Amino acid sequence: MTMRLRRSHGSSQFVDSYVCRICSRGDEDDKLLLCDACDDNYHIFCLLPPLPETPKGIWRCPKCVMAECKRPPEAFGFEQATREYSLQSFGEMADAFKADYFNMPVHMVPPELVEKEFWRLVNSIEEDVTVEYGADIHSKEFGSGFPVSDGKRKLSPEEEEYAGSGWNLNVMPVLKQSVLCHINADISGMKVPWLYVGMVFSAFCWHIEDHWSYSINYLHWGEPKTWYGVPSFAAEHLEEVMKKLTPELFESQPDLLHQLVTLMNPNTLMAHGVPVVRTNQCAGEFVITFPRAYHSGFNQGYNFAEAVNFCTADWLPAGRQCIEHYRRLRRYCVFSHEELICKMAACPEKLDLNLAAAVHKEMFVLVQEERKLRKALLEKGITEAEREAFELLPDDERQCDKCKTTCFLSALACYRCPQGLVCLYHMDDLCKCPRSKQYLRYRYTLDELPAMLHKLKVRAESFDTWANKVRVALELEDGRKRTLEELRALESEARERKFPENELLQRLKSCLAQAERCVSDALGLISSQETGVTSPSLTVEELRAFLEQMSQLPCVMHQLGDVQALLARVELFQAEAREALDSSPASPGVLRALLERGARLGVEVPESHQLEGQLAQATWLEEVTATLRGPRARVTLGVMRGLIRAGRSVAPSPAVEVAMGELQELLSIAQRWEEKAQMCLEGRQKHPPATLAAIIKEAENIPAVLPNIQALKEALAKAKAWIADVEEIQNGDHYPCLDDLEGLVAVGRDLPVRLEELRQLEVQVGTAHSWRDKASRTFLKKNSCYTLLEVLCPCVDAGSESRKRLRWQQQPGLYRLDAESLGLSAQDLRDPGAVIVAFKEGEQKEKEGILRLRLANSHKPPPPLQGAASPPGGNSIGGGGGGSSSPPPSCVCGQTLASPGGMLQCQLCRDWFHPACVSWPRLGASSSSSSSSPSPTPTQRPSPGAWWEWDCKFLCPLCQRSRRPRLETILALLVALQKLPVRLPEGEALQCLTERAITWQDRARRLLASPDLAGPLERLRSLRQRLLGGERGGGGGDGVGALRESSRNEQRVSVENGDSPSLEKSSSLPAELEALGAALPRLQGPVLELPESLRRALEELMMEGDLLEVTLDEAQSLWRLLQASRPPPLALFRLLLQLEQAERRGARGKGRDPEKRRKRRAERGERDPAPGKEELEPKRSRGAGGGGEEGENPRDSPPPTAASHTTVDL
């Protein structure tokens, strides 16, 4: 709806000239008047009658005044707005209006300012302000602000709680205590809440609720709502004041105050004696108005509220008075008050007691009034009557034509005028027809109404009857105790009739609860006597009080006699107990029997505690006597301490004091010996066995169990057994094994006994560990994953391809030792003969396995490499070989593709490897710094012409597992081993390895000294001398010497000039590499021709030498012979030169020279550490996916050599 308050428009229109409508002149502008309705001009002196001065405020001309007077009068009210809003759009409009009106943010406008401005606008005649108010919105159509259980959506648990709350405005009108719940129809605004969306200045005028009911308003959110209220006793005074101040309005509309269109300033009402109260309702607050309490108010700003009516029992008289008031004003009723009263009277059992009493009073008045009206109807001669179910008729068909009241109990109608109907108060206003044509339409007869009234009376007075019965039963007014069943019946009656909570009902419930509790306790006491099951005990005083409580209850207690009998038995027991305590000390059996009787009573008797004390004392003395004086008694310290603790709690007596003294003395002696034994067990200074034996012998005389003495005895027995074990080992046929000695040392260190033999064993074990550490440093590579025993023993599973791969994939320690693969158990390792036999068998298995592996790898096609070739029988790299249908070989990294430069083939196992995944031989290294192949002399660099002496022999990390020390070093280790009085498995294996190496060395020397090899060796020697002579004299046509000297001079000059050598020039690389690279195109071979049988013998012997983890000079000589009998492996030489050149360029780019570093390490007598991941984790990296880990920097140092550093004179 739209509310309009007057406000000036403040037009700024400028008018150049004005002309009077009467004289048609425009002079004397100060005397011209402008009509506010039609904008015509008049001189004040031209009007009839003329005006003495210019009027203030709004002025209308005579023509407009005449037109306004001729208009028909309009009813007061509010205009319906034409625009529709959503909640959001209305809020935006409301906030914008308020902010613009007050020229400040809406939340900063004080409520006092809004209230003052509101009443100023109401009282102002000159200003109009239009606001909009979303009032009387049906919640059934648009939804309620409260949760509603209508099944349309699932509610949360919190919403479920609010949906059923009595403060929910959808629930409050239909509560059982509310009268409106007996009206079936959903009366909008009364039973169904209305919603109100307000803005600033939107107001609700002075009014009272329909049927003078209660109203409740809840402000969900938004700005406050200002309320003004007048108490119900001043309602008529307010109406009189308004009629007095605005009589013309009430003349045209007598029910003006029911139209919600009248506003009057509260100050005006208070000035005429009307009491007015006010409040500001904030969000989350309720406002309740009482019956016939006038109220009005306005909104401070944008807000959202919800309101509904409700009626309680005290409203019924006000509702009846409201109907009489409506009858006088001829106002329509919302519902029939008589129908509501009769409907509640028809079902009195459903009414609350308070409501039943109020309905009874109203029904009584209603019946008396109906009798009087029907009697008057008879007196007028109307005798015809007809029953009518008025509740089935629509309200507009049963309204009185005179007063508009909705009829229910009776109405007067006419046969001739069937459309007419009046209530009995206006029986003379029906029609002019004869009385004989008129008849009574009634709902109930006069006999039925008293019956309904009687039912209400019974319901209303049933509480008094019930209360009288309860009072007589509880106060024993008739001297008779009721049974529990009778009291329970009275309680059930109150519950069934829904009596309100009251003092009598509480007393009845308390009496019943007390009686039932007494019955339960009494039954528990009695059942414990019969079954022997103990229940929570009562004291004697509590039992007497309990008996007294049962006697005082106003109901019959059948268990009273049983409780009295129990009290008699308790008193008899008390007398017997006092007699036993007063007599001479009784035996424990008598005391125990009395206590058992007392326990079965289920009552705490004071004498029972005294009997328990006497029994505890006698029992303790018996236990002490049995413990200390029993035959062969040996008591523990815990038992003695327990007896002493128990003795402190028993009643004191001379016998108790004597027993306590004996126990304390025995405990002190035992504790002293325990402390002495504890010092021997835990002290840093250990004692010899003789001292401990003396301590143990002395402590055996104490009649007590001493744990520390027992532990000392066990330690002494272990020490004697340990000494016997040492003597047995030392007196055996063989030296003792290191494992046995280590076990004895570990056991001896843990014993709390000083053992003279322990120091000797520790020295022997330390010496053995030192020898093994030295052997490990000699054989094992840095960070090697192999153990020393693995390296020294033959690799019996060398022929397994999966073994080679798994070695790289498994974590260290996950594979079995070579000693285990030899079939040796821990016991076999202690037998030298078994070790030798197993080693010999392992040698054969290793040889057979490597032959199978070589054969299998030889059938693999070489990896593809464009433009490269692999010489038969020599070190190879990936070559063409693309015609084979077999899959190409894969490196240990798992990649099957060849590297950009090619792949290397192991000389022993014939498997293929990426250079980035393994360590490769260096062609340009001298024999003193290179570990992969020998040089002609210990300090000489390789000759470019003697290509068969170049360092190109490659053994994979799985075939070369150790550093392969020289035989002289191993012999020194064996000499040190012979001095050890301890046997080590590694020592046995080293002896077998040395014997195997010497045997092979003898075979190689015999073969090299044979006549078949005398000629080839002589040819190689002369050829080498010829090549060396050519190099010294600058011959050979290749300019190698000149090239080497030139590169050195260029480097020297470059350094002297301050220039760093360029990585792109040939002078940046060592001259040896340049010389070797330049000599490649002129290499020819083979330089020797050997018979096939001799070649096979050499190759077989070379294979066996490569299996040895020992460096022998004869192996180098065999290698050079075999190398010289083959064509030069040019592709391999090119690959190795490329790798070494790339390595040195990278090292110099980082400021490192690997050649100089190797020289410095050689001068210090150190060996080059094997580079790359192969030495760190060869087993893991081979299966871990490649060269990324192992090939990070594989060329930092040359790999361990498989050949000797010395040569055979050729």
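Conventions used here
Residues numbered from 1 in each chain as written. Predicted model: local features only at pLDDT ≥ 70, side-chain atom pairs only at ≥ 80, totals over all residues. Heavy atoms only, no water. Helix = DSSP H or I, 4+ residues; strand = E, 2+ residues; numbered from the N terminus. Buried < 20%, exposed > 50% of the residue type's maximum accessible area, 1.4 Å probe, protein only. Contact = heavy atoms within 4.5 Å. Areas by Shrake-Rupley, 256 points an atom, 1.4 Å probe, with all protein chains shown as cover. pLDDT = per-residue confidence, 0-100. Pairing = 2+ DSSP bridges. Axes fitted to C-alpha atoms, helices over the stretch in contact; angles between N-to-C directions. Patch = residues over 30% accessible without salt bridge, like charges linked within 9 Å, V, L, I, M, F, W, Y side chains within 5 Å. Salt bridge = Lys/Arg side-chain N within 4 Å of Asp/Glu carboxyl O. Phe/Tyr/Trp six-rings, centres within 6.5 Å; stacked < 30°, edge-to-face > 60°. Lys NZ or Arg CZ within 6 Å of the ring centre and 35° of its normal. Parallel < 35°, antiparallel > 145°, perpendicular 65-115°, else oblique. Nonpolar A, V, L, I, M, F, W, Y, C, P; charged D, E, K, R; others polar.

### Some points on the overall build of the chain
Argument step 1. Scanning the chain from N- to C-terminus turns up 40 helices and 22 strands.
Argument step 2. For the chain, with 1210 residues in total, the buried portion stands at 47%.
Argument step 3. Sequence-distant contacts, at least 24 apart, represent 76% of the contacts inside the chain between residues at least 6 apart.
Argument step 4. Taken as a whole, the chain presents about 60800 Å² of accessible surface, with 52% of it coming from carbon and sulfur.

### With respect to the confidence of the model for the chain
Argument step 1. Looking at the chain as a whole, its pLDDT mean stands at 77, while 80% of the residues score no less than 70.
Argument step 2. Scored below 50 in pLDDT, residues 1–16 makes 49 contacts in the model with residues more than four places away or belonging to other chains.
Argument step 3. The low-confidence segment residues 804–816 (pLDDT under 50) makes 48 contacts with residues lying over four places distant or belonging to another chain.

### Comments concerning the environment of Val563
Argument step 1. Along the polypeptide, Val563 turns up in helix 16 (residues 560–582).
Argument step 2. Along the chain, Val563 and Asp521 lie 42 residues apart, while their C-alpha atoms are 10.0 Å from each other.
Argument step 3. Look past the residues within four positions of Val563 in its chain and what remains in contact with it is Ala522, Leu543, Phe546, Leu547 and Met550.

### Some points on the sheet that holds strand 6 (residues 194–198)
Argument step 1. Ordered by their spatial adjacency, 5 strands build an open sheet running 5-6-13-8-11, and the pairing between neighbours is antiparallel. Pairing within the sheet leaves two strands with one partner each, and these edge strands are strand 5 (134–138) and strand 11 (286–289). Here the strands of the sheet are splayed against their neighbours by 25° on average, with no regard to which way each runs.
Argument step 2. In this structure, strand 5 lies alongside strand 6, joined through 3 bridges in antiparallel fashion. When the bridges of strand 6 are listed, Ile137 appears paired with Leu195.

### So, a nonpolar patch on the surface
Argument step 1. A cluster of nonpolar residues, Trp167, Phe286, Ile288 and Phe290, forms a patch on the protein surface that exposes about 410 Å² of accessible area.
Argument step 2. Within the fold, Phe286 resides in strand 11.

### A closer look at the side chain of Arg292
Argument step 1. Here Arg292 lies in the loop between strand 11 and strand 12 (295–299).
Argument step 2. Using a relative accessible area of 12% as the deciding quantity, one classes Arg292 as buried.
Argument step 3. Filtering out sequence-adjacent residues up to four positions away, Arg292 remains in contact with Ile208, Trp212, Pro231, Ser232, Ala235, Glu236, Glu239 and His325.

### What about the packing of aromatic side chains?
Argument step 1. In the structure shown here, the tally under the stated rule is 26 aromatic pairs.
Argument step 2. Relative to Phe102, the ring of Tyr101 has its centre 5.1 Å away and its plane inclined at 70°; by these criteria the two rings are edge-to-face.
Argument step 3. Aromatic side chains Tyr133 and Tyr196 sit 6.4 Å apart centroid to centroid with 40° between the ring planes, which places their arrangement in the tilted category. With Tyr133 in the loop between strand 4 (128–132) and strand 5 and Tyr196 in strand 6, this pair connects stretches of sequence that are 63 residues apart.
Argument step 4. Under the relative-accessibility criterion, Tyr133 is labelled buried at 6%.
Argument step 5. Taking NZ or CZ as reference, Arg443 lies 4.6 Å from the ring centre of Tyr444, over its face.

### A short note on unusual backbone geometry
Argument step 1. Cis peptide bonds are those with omega within 30 degrees of zero, and the linkage from Leu48 to Pro49 qualifies with -10°.
Argument step 2. Mapped onto the elements of the fold, Pro49 is located in the loop between strand 3 (41–43) and helix 1 (62–70).
Argument step 3. You will see that Phe201, though not glycine, has its phi angle at about 75°, which is positive.
Argument step 4. One can find Phe201 in the loop between strand 6 and strand 7 (203–207).
Argument step 5. For Phe201, a relative accessible area of 1% puts it in the buried group.
Argument step 6. Positive phi, normally seen in glycine, also occurs at Lys404, with a value near 65°.
Argument step 7. By secondary structure assignment, the location of Lys404 is in the loop between strand 14 (385–387) and strand 15 (410–414).

### With respect to the environment of Arg443
Argument step 1. On the secondary structure map, Arg443 appears in the loop between strand 16 (438–442) and helix 12 (448–475).
Argument step 2. Judged by its relative accessible area of 16%, Arg443 is buried.
Argument step 3. In this structure the C-alpha to C-alpha distance between Arg443 and Phe390, which are 53 residues apart in sequence, comes to 6.8 Å.
Argument step 4. Setting aside its immediate chain neighbours within four residues, Arg443 contacts Arg387, Glu388, Ala389, Phe390, Glu391, Phe408, Leu409 and Glu448.

### Re the packing of helix 2 (residues 87–102) against helix 3 (residues 111–123)
Argument step 1. Between helix 2 and helix 3, the shortest axis-to-axis distance is 13 Å and the interhelical angle comes to 85°. Looking at the two axes, helix 2 sits roughly perpendicular to helix 3. Along its contact with helix 2, which presents Lys98, Tyr101 and Phe102, the element helix 3 presents Leu113, Val114, Glu117, Arg120 and Leu121.
Argument step 2. A class-by-class count of the residues in the contact of helix 2 with helix 3 yields 5 nonpolar, no polar and 3 charged.

### Comments concerning the sheet that holds strand 14
Argument step 1. Spatially, 3 strands are ordered 14-16-15 in an open sheet, and the strand pairing comes out mixed. Either end of the sheet is taken by a strand with one partner, and the two such strands are strand 14 and strand 15. Averaged over all pairs of adjacent strands, the angle between strand axes in this sheet comes to 30°, irrespective of strand direction.
Argument step 2. Relative to strand 16, strand 15 runs antiparallel, the two being bridged by 5 bridges. Along strand 16, the bridge assignment pairs Ala411 with Arg441.

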